Amino acid sequence: MNTVVKPLLCFALLSLSTLAHAGGREQLTAFTKGLKGLSAHFSQQVTDPSGRVTEKSAGTVQLSAPRLFRWETATPAKQLIVADGDHIWIYDPELEQVTVRKQSFEEQGSPLTVLIDPTELDRQFKTSDGGKAGGLEWLVLTPKKPDEAPFEQARLGFGAKGLVRMEFRDSLGQRTVIGFSGWARNPRFPAGAFKFTPPKGADVVGEVGESAQVTPLRD
């Protein structure tokens, strides 16, 4: 599974003094209060068990309740991942290839999902307070069904204005760190932001059922 998917993702109207004394769970509650959608910029870094950087990328992420997701990588190479509620589409413009598969609950039920559907937090994860480190309050998430999860543990780091950092560790020792900035709370998403149709001429790998929601790709 793509590392971006493995892992997916503005601010609550609370005073900074209140947030400064809140633990990770309280920070998440404040951040997600009243949310129906989010958008932000991200930067991602993946390291192997020895600490060697194997991947760096940056782009934008958009989330809309309850199961819609758009992750668009701008550098170092363009890639688009769209979850439309029924299917996940992965488009690689350089290869002119689209991969599509059914959007299983496990694929869309990542820590990013709890940002717009907090009811999934206790259903899917065991939570613990990660304390304060690096100027952030941390919340630790451990999957209740580890055999079905693409990671062993996730850590969410909150600052005075909301989610700043998300970290994942998988069973092979690979570590993914995602930094977020420029959160927009309940934005007005462009038409078709969470729908996708393969561009003309692209190779499509996978099957598309009748329930797939598709629309022409927009620039």
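Structure: above.
Residues numbered from 1 in each chain as written. Predicted model: local features only at pLDDT ≥ 70, side-chain atom pairs only at ≥ 80, totals over all residues. Heavy atoms only, no water.

## Quick word on the packing of aromatic side chains
The final tally for this structure, using the stated rule, is 10 aromatic pairs. With a centroid separation of 6.1 Å and an interplanar angle of 15 degrees, the aromatic rings of Phe69 and Trp71 are classed as stacked. Both residues of the pair, Phe69 and Trp71, belong to the buried class. Relative to Phe196, the ring of Tyr91 lies with its centre 5.9 Å away and its plane at 45 degrees, an arrangement referred to as tilted. Within this pair, whereas Tyr91 is found in strand E5 (residues 87-92), its partner Phe196 is found in the loop between strand E11 (175-185) and strand E12 (203-205), the two being separated by 105 residues in sequence. On the basis of relative accessible area, Tyr91 is assigned to the buried category, the value being 12%. In this structure Phe196 comes out as buried when scored by relative accessible area, which is 1%. Taken together, the ring pairs in this structure connect Phe31, Phe158, Phe180 and Trp183 into an aromatic cluster. When the ring centre of Trp138 is taken as reference, the NZ or CZ atom of Arg155 above it lies at 4.1 Å. (Phe/Tyr/Trp six-rings, centres within 6.5 Å; stacked < 30°, edge-to-face > 60°. Buried < 20%, exposed > 50% of the residue type's maximum accessible area, 1.4 Å probe, protein only. Helix = DSSP H or I, 4+ residues; strand = E, 2+ residues; numbered from the N terminus. Lys NZ or Arg CZ within 6 Å of the ring centre and 35° of its normal.)

## Here we look at the nonpolar core
One finds Leu115, Leu163 and Phe180 to be the most contacted residues of the largest nonpolar core, which totals 32 residues. Formed by 8 residues, the second largest nonpolar core is a distinct cluster that contains Val82, Trp89, Val100 and Ala202. (Core = buried A, V, L, I, M, F, W, Y, C linked by side-chain atoms within 4.5 Å.)

## Focus: the pattern of salt bridges
Under the criterion given, the structure shown has 8 salt bridges. We note a salt bridge from Glu167 to Arg165, for which the minimum N-O separation is 2.8 Å. Judged by relative accessible area, which is 31%, Arg165 ranks as partly exposed. With a closest N to O distance of 3.3 Å, Glu167 and Arg175 form a salt bridge. Classification of Glu167 as buried rests on a relative accessible area of 8%. A single salt-bridge network, built from bridges that share partners, covers Arg155, Arg165, Glu167 and Arg175. (Salt bridge = Lys/Arg side-chain N within 4 Å of Asp/Glu carboxyl O.)

## Concerning the pairing of E5
Taking burial as the measure, the 6 residues of E5 include 5 buried ones, the bulk of the element. Inspection of the sheet shows strand E4 (residues 79-83) paired to E5 by 4 bridges, in the antiparallel sense. Bridge assignment links Leu80 to a residue of E5, and that residue is Tyr91. Taking the residues between adjacent antiparallel strands as the criterion, E4 and E5 are bridged by 3 residues, where Gly85 takes a positive phi near 100 degrees. Both E5 and strand E6 (residues 97-102) contribute to a ladder of 6 bridges, which runs antiparallel. Its bridge partner lying in E6, Asp92 is registered against Gln97. With antiparallel pairing between neighbouring strands as the criterion, E5 and E6 make up a hairpin whose turn holds 4 residues, including Glu96 at a positive phi of roughly 50 degrees. (Pairing = 2+ DSSP bridges.)

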